[in-house]
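Observations on the three-dimensional arrangement
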Amino acid sequence: MAPESDTIFRPDLLAGQVALITGGGSGIGLGISELLASLGMHVVIASRKPEHFDVARDQLLAQGLSVSSIALDVRDQERVRTVIDQVSQQHGRLDLLVNNAAGNFYAPSATLSPNAWKAVVEIDLYGTFHCSQAVYPIMKQQGGGRIVSTSMTLHYRGWPQMAHATAAKAGVDALTRTLAVEWAPERIRVNAIAPGPIPTEGVRKAFTPLPDSGIPDVFAAATERMEQYARDRIPLGRWGTPRDVANMVAFLASPGGDWITGAIFVIDGGEWLAKS
Ligand code: COA
């Protein structure tokens, strides 16, 4: 991850504000947590696994950042409401929700079990809706807020063995546009980010194809071959980093994002446009 000093933003840009980041303790979510906290926000990391949220919290606290953590499975609507109410009461406000929690794995659609379909759609789509709906009254009451949800690019063209995730993320795109229009009168800006290939641990786990699937396991390749893949297949010639994505979230959370709502920002080095 890029060191804090690498930020292009003013260090007090988001001072005094509060963000809740689902899945904010690992991978891209952790990159977002770190950048937002380094810009003065108090960041609440909400995720399922203590080995993610507690470790990440301690890591960021050790950097002198203002961070707390809480256990949350975004599929559990009651728990989502409880956690979000608790956070807003504790801090007196909630300025930004980042719907970053996601689940994914390769599986052939013909044999996908109902529970496998449900697990991914419930995390990616229902979870995004549950959290967005829970922050609405708080943001409305305080005169506005920002929601940034995590989408992807694979549903732009169809992606074998990811029916569950591509369907869910297409839903996240639709939800983003609809909530943007519906909640604009309350000054709640609703946008999405669509990251491309970023080789974090979670993405490696999710994007490891089944044996004999015919899908190349690009993340398992040796470093040199991965770099070759990036040169050949990603127009900007490199893999993405969590910081590449976090920069867009910070911009959307800042006054620079005041007139932006309903937008879906692809952050992928041009990858999806270039692939056949
Ligand atoms: N292929 C087919 N089915 C799978 C599967 C795979 N690779 N992985 C999980 N499933 C199925 C399970 O068999 C189960 O269905 P069943 O009850 O019919 O057997 C269902 O999905 C739920 O799996 P489970 O592991 O109990 O769910 P969970 O809620 O604990 O976790 C995920 C769901 C998606 C988070 C988990 O599968 C995971 O860790 N995925 C990889 C990491 C990841 O998603 N990272 C995010 C990066 S985008």
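For the structure itself, consult the block above.
Since this is a predicted model, take the numbers as computed values, not measurements.

Our focus in this paragraph is the overall build of the chain. Within the chain one finds nine helices and seven strands. Taken over C-alpha atoms, the radius of gyration comes to 18 Å for the chain, in line with the 19 Å a tight globule of 276 residues would show. Principal-axis analysis of the C-alpha atoms gives the chain an extent of 55 × 40 × 35 Å. Classification of the 276 residues of the chain by burial places 50% in the buried group. When contacts within the chain are restricted to residue pairs at least 6 apart in sequence, long-range pairs at least 24 apart make up 74% of them. Of the roughly 12,600 Å² of accessible surface on the chain, 54% is carried by carbon and sulfur atoms. Once the 24 positive and 27 negative side-chain charges of the chain are each reduced to a mean point, those two points are 3 Å apart.

Turning to the sheet that holds strand E3 (residues 67–71), a few remarks are in order. The parallel open sheet is built from seven strands, whose spatial order is E3-E2-E1-E4-E5-E6-E7. Sheet topology places E3 and strand E7 (264–267) at the edges, where each strand pairs with a single neighbour. When strand polarity is set aside, the average angle formed by the axes of neighbouring strands in this sheet is 20 degrees.

Attention now moves to the packing of aromatic side chains. Aromatic rings considered in pairs are described by the distance between their centres and by the relative angle of their planes. Here the structure, examined in full by the defined rule, presents four aromatic pairs. Residues Tyr106 and Phe207 carry aromatic rings whose centres are separated by 6.0 Å and whose planes lie at 85 degrees to one another, so their mutual orientation is edge-to-face. Note that Tyr106 is positioned in the loop between strand E4 (96–99) and helix H4 (114–142) and Phe207 in the loop between helix H6 (201–206) and helix H7 (223–233), a separation of 101 residues in sequence. Look at Tyr229 and Trp239: their rings are 5.3 Å apart centre to centre, the planes differ by 15 degrees, and that puts the pair in the stacked class. Taken as a pair, Tyr229 in helix H7 and Trp239 in the loop between H7 and helix H8 (242–253) lie far apart in primary sequence, 10 residues in all. Both residues of the pair, Tyr229 and Trp239, belong to the buried class.

Further remarks concern the site of the ligand. The immediate surroundings of the ligand are formed by 16 residues, with Arg75, Asn104, Ser113, Asn115 and Ala116 found nearest. At 2.8 Å from an oxygen atom of the ligand is found a side-chain nitrogen or oxygen belonging to Arg75. Here an oxygen atom of the ligand sits 2.7 Å away from a polar atom, N or O, in the main chain of Asn104. Considering the ligand on its own, with 940 Å² of exposed area, one finds that the protein chains cover 58% of that surface. At the level of elements, H4 and H6 are the ones that each hand at least two residues to the shell around the ligand. Take the shell around the ligand: its biggest share by element is four residues, from H4. Each residue belonging to the shell around the ligand can be placed in one class, and the counts come to eight nonpolar, five polar and three charged.

The rules behind these values
- Residues numbered from 1 in each chain as written.
- Predicted model: local features only at pLDDT ≥ 70, side-chain atom pairs only at ≥ 80, totals over all residues.
- Heavy atoms only, no water.
- Helix = DSSP H or I, 4+ residues; strand = E, 2+ residues; numbered from the N terminus.
- Rg over C-alpha atoms; globule rule 2.2 N^0.38 Å.
- Buried < 20%, exposed > 50% of the residue type's maximum accessible area, 1.4 Å probe, protein only.
- Contact = heavy atoms within 4.5 Å.
- Areas by Shrake-Rupley, 256 points an atom, 1.4 Å probe, with all protein chains shown as cover.
- Lys, Arg positive; Asp, Glu negative; His and termini not counted.
- Charge placed at Lys NZ, Arg CZ, Asp CG, Glu CD.
- Pairing = 2+ DSSP bridges.
- Axes fitted to C-alpha atoms, helices over the stretch in contact; angles between N-to-C directions.
- Phe/Tyr/Trp six-rings, centres within 6.5 Å; stacked < 30°, edge-to-face > 60°.
- Near = heavy atom within 4 Å.
- Polar contact = N/O pair within 3.5 Å; in protein donor to acceptor, adjacent residues only side chain to side chain.
- Nonpolar A, V, L, I, M, F, W, Y, C, P; charged D, E, K, R; others polar.

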